[in-house]
Amino acid sequence: MLKTNKVFFFDSEEFEDIILHYLDTGKINLAKKALKLGLEQHPKSTGLKLVQVELLVFDDKLDIAERLLNDLYAIEPTNEEIYIQKANIYSKRDQHDKAVELLNVALKYTDDYADVYSLIGMEYLFMDNLEQAKESFIKCLEEDTEDHSALYNVVYCFDFLDQNLEAIDFLNGFIDRNPYSDVAWHQLGRQYFAVNNFEKALWAFEYATLIDESFLGAFLEKAKTLEKLKRYEEAIACYNITMELDDPTSFALLRVGKCYERLGNHEKALKFYLKTVHEDPLLDKAWIAITDFYIRRQNYQKALYYANKAIGIDNENKLYWKRYAVINKALNFHEEAEEGYRKAVEYGDYQLDTWLFWTDTLQFLGEYETAIITLLQAAEYFPEEYEIEYRLAGLYFLQHQEDKGTFHLSNGLRLNYKNHVLLEEFFPTIWDTEAVQQTIKKNRAK
C-alpha cells in the first residue's frame, strides 16, 4: 500500500500488528502512516486508538494522549490497556505513585498479570523502593517463569539491598521449580561468588553452561571462579571457550595472561599481555600487567619502555605515572621519578605511599622547601599520620626551623612513639642534635 498508494483492507488487529512491528523496528514514521491508514478504515477501533495513545506518549504529547484515554475510558471502563497507558503518562510526569495505583486497577481487568506486575516493579524502581520492586518482580515470575528481564531485575534488587544470602535462597527455590533455567543458574553462581563461596559458584556456573553451551557470560564467570580456586589451567580452557564463542575480548586475553604467569609460564603470559594491548590499546590494566611483569623480574629497562608507551597513549593516567616513577626510582633516575610521582598525584593518586615516595625523592634531590609544601598538602588528606609528621620534623630541622621541627616531632611521637627511629633513618644528620633528643626524651616521659 505504501509503495503503490493502493488501498487494501486489513482488519483492525492486523493494523495493530503492522504498527507494533514498525515500532519494534524503530520505524516510527511508517508506524504513524500505518496508524493513519488504520484509523481511516476503522475510526472506532479502541485497539488502534490505544496504539495512537502510545505514539502520542512517545512524542511527549501527554495532554492529547490523556484526553483520548478519557474518551476511551467512557466507552470501555474495563479495558486494562487504558489503565496501563494512563499509568505510562503518569510515569512520564514522574508521578510514579499514581502510576502504581492505576496499574493495580489494571490487575483487576487483565489476563496478562506478569506484564502488569513487571510494570509495577519498574515504577517502584523509579521511586527507589527496592523492596516493593523486588516483590513485584517476584510476582511477575510466579506468573511467567520465562520472563528473564524480571529475573534480572529481582537479582538487581537483592544486590542493591546487599541481600546476597536472601538472593541465594530465592534462586535455589526458583531453580527447584525451573531446573533448566540457565539464567537462574548463572545468577545463583554470581551470588555465591559475591559471598566468596567459590566451590558453590563453580557448581552453579557449570549447570548454566551445561544447559546452554553457548552462554558466554556463564563461561566467563566460571573462568573467573576457577582462577579464585587457583585452578589456572582449567580457567585458561574456559577463557578459550569464550574466545571461540565470540571475538576475543581484552578482558579474556588479559586473564589468560595472568593465569599463565601464575603457572610460571612467563613466555605465554607475556604473549597474551601483548595480545591484550594490541586488542585494546586503551586498557590500562593490560599496560600495567606488562610493566609489572618486567618490574617483578627487575628488568627495569623493558618496564620503562612499556611505561613510556602507555603514557604516550594516555598521559593523564595516574597508574601509568606511578609505575613510571617506581621504575625510574629503581634505575636511580631521581628527577624522572619525582616527575612520575608529581604527575600521579596531579592526576588523582592521593595514596599515602605516593605522597611519601614523592617527598623522599624531593628530599634526595635537595628540594627541601618543595618537599615541605608537598607534605603539608599530604597532611590535608592524612591529618593524623606519623610518617608525614616525622618527615616534616626532619625537613624543618634541616632548614634550621627548630620550633616547627619540634612541633611536628612531638606530633609524630604522640601518634606513634615506637617508630621515632624513622627520623634517624631518613635524617641521620639531625638525629643527634640536642633539640631532637630533648623532644624525644620529653615525650618518652609522657
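Sequence positions are assigned chain by chain, starting from 1 and proceeding in written order. For this predicted model, a pLDDT threshold of at least 70 governs which residues receive local features, and a threshold of 80 or more governs which side-chain atom pairs are given and counted, while totals over whole chains, interfaces and linings are taken from all residues. Side-chain measures were taken over the full set of non-hydrogen atoms in the model, leaving aside hydrogen atoms and water.

Concerning the UniProt feature "repeat: TPR" (unreviewed entry) in the protein
- UniProt positions are given in the numbering used here, feature names are shortened, and annotations may be inferred rather than shown by experiment. UniProt tags residues 114-147, 182-215, 250-283 and 284-317 as "repeat: TPR" (unreviewed entry).
- Between the first and last C-alpha atoms of residues 182-215 the distance is 8 Å; the span itself is 79% helix and 0% strand.
- For the annotated span residues 250-283, helix accounts for 79% and strand for 0% of the residues, and the straight-line distance between the end C-alpha atoms is 8 Å. Only DSSP runs of H or I reaching four residues or more are called helices, and only runs of E reaching two or more are called strands; each is numbered from the N terminus.

Topic: the pattern of salt bridges
- We define a salt bridge as a side-chain nitrogen of Lys or Arg found within 4 Å of a carboxyl oxygen belonging to Asp or Glu. Summed over the entire model, instances satisfying the criterion amount to 15 salt bridges.
- The salt bridge involving Glu227 is made with Arg262; its shortest N-O contact spans 3.5 Å. Residue Glu227 is located in helix 13 (residues 216-228), and its partner Arg262 is located in helix 15 (residues 250-262); the two are separated by 35 residues in the primary sequence.
- For Lys322, the salt bridge identified is with Asp353, shortest N-O distance 3.3 Å. A residue pair is termed long-range when its members are at least 10 positions apart, and Lys322 in helix 19 (residues 318-330) and Asp353 in helix 21 (residues 352-364) qualify at 31 residues.
- The rule is simple: take the accessible area with a 1.4 Å probe, protein chains only, and divide by the maximum for that residue type; under 20% is buried, over 50% is exposed, in between is partly exposed. Here Asp353 falls in the partly exposed class, since its relative accessible area comes to 33%.
- Among the charged side chains, a network of salt bridges with common partners joins Glu227, Arg255 and Arg262.

Describing the layout of surface pockets
- Its boundaries defined by the atoms lining it, the largest pocket holds a volume of some 340 Å³.
- Using a grid of 1 Å spacing that covers the protein atoms alone, one calls a set of points a cavity when a 1.4 Å probe fits there but cannot get out, and a pocket when the set is open and has protein on both sides within 12 Å along at least five of seven lines; lining residues are those with an atom within 4 Å of a point. Residue lining of the largest pocket: 18 residues in total, with Glu54, Glu81, Ile84, Gln85 and Asn88 positioned closest to the centre.
- Listed by contribution, the elements that provide at least two residues to the lining of the largest pocket are helix 1 (12-24), helix 3 (46-58), helix 5 (80-92) and helix 7 (113-126).
- Looking at the lining of the largest pocket, the element that brings in the most residues is helix 5, giving seven residues.
- Under the grouping applied here, Gly and all other residues not named as nonpolar or charged are polar, the nonpolar ones being Ala, Val, Leu, Ile, Met, Phe, Trp, Tyr, Cys and Pro and the charged ones Asp, Glu, Lys and Arg. Class assignment for the residues of the lining of the largest pocket results in eight nonpolar, four polar and six charged.
- Grid points are joined across faces, edges and corners, and a volume is the space filled by probe spheres set on the points. A volume near 160 Å³ is recorded for the second largest pocket.

A look at the packing of helix 5 against helix 6 (residues 96-109)
- Where helix 5 contacts helix 6, the two axes come as close as 8 Å, and the packing angle between them is 170°. Classed by the angle they form, the pair helix 5 and helix 6 counts as roughly antiparallel. Contacts from Glu80, Tyr83, Ile84, Lys86, Ala87, Tyr90 and Ser91 in helix 5 reach His96, Lys98, Ala99, Leu102, Leu103, Val105, Ala106 and Tyr109 in helix 6.
- In the contact of helix 5 with helix 6, the residues fall into 10 nonpolar, two polar and three charged. Fitted lines through C-alpha atoms serve as axes, helices being fitted only where they are in contact, and the angles separating the N-to-C directions of these axes extend from 0 to 180 degrees. Convention used here: angles under 35 degrees read as roughly parallel, angles over 145 as roughly antiparallel, angles from 65 to 115 as roughly perpendicular, and any remaining angle as oblique. The contact criterion used is simple: two residues touch if any of their non-hydrogen atoms lie within 4.5 Å.

Brief notes about the environment of Val116
- With respect to the helices and strands, the residue Val116 is situated in helix 7.
- When its relative accessible area of 1% is taken as the criterion, Val116 is described as buried.
- In this structure, the C-alpha to C-alpha distance between Val116 and Lys404, residues 288 residues apart in sequence, is 70 Å.
- With near-sequence residues (within four places) excluded, Val116 lies in contact with Ile84, Leu103, Ala106, Leu107 and Thr110.

What about empty space enclosed by the protein?
- Enumeration according to the criterion identifies one cavity of 30 Å³ or more in this entry.
- The calculated volume of the largest cavity comes to roughly 30 Å³.
- Grouping the amino acids of the lining of the largest cavity by side-chain chemistry returns three nonpolar, two polar and two charged.

Digging into the environment of Ser91
- Within the secondary structure, Ser91 is located in helix 5.
- A residue is classified by how much of its surface remains accessible, and Ser91, at 12% relative accessible area, is buried.
- Discounting residues that sit within four places of it in the chain, Ser91 has contacts with His96, Ala99, Glu123 and Phe126.

Points about the packing of helix 13 against helix 14 (residues 232-245)
- Running from N to C, helix 13 and helix 14 cross one another at 160°; their axes reach a closest spacing of 8 Å. Viewed along their axes, helix 13 and helix 14 adopt a mutual orientation that is roughly antiparallel. Between helix 13 and helix 14 the crossing geometry is left-handed. Touching Leu216, Phe219, Leu220, Lys222, Ala223, Lys224, Leu226 and Glu227 of helix 13 are Tyr232, Glu234, Ala235, Cys238, Tyr239, Ile241, Thr242 and Leu245, all from helix 14.
- By residue class, the composition of the contact of helix 13 with helix 14 is 11 nonpolar, one polar and four charged. By definition, turning the near helix anticlockwise from the far helix through less than a right angle yields a left-handed crossing, and turning it clockwise yields a right-handed one.

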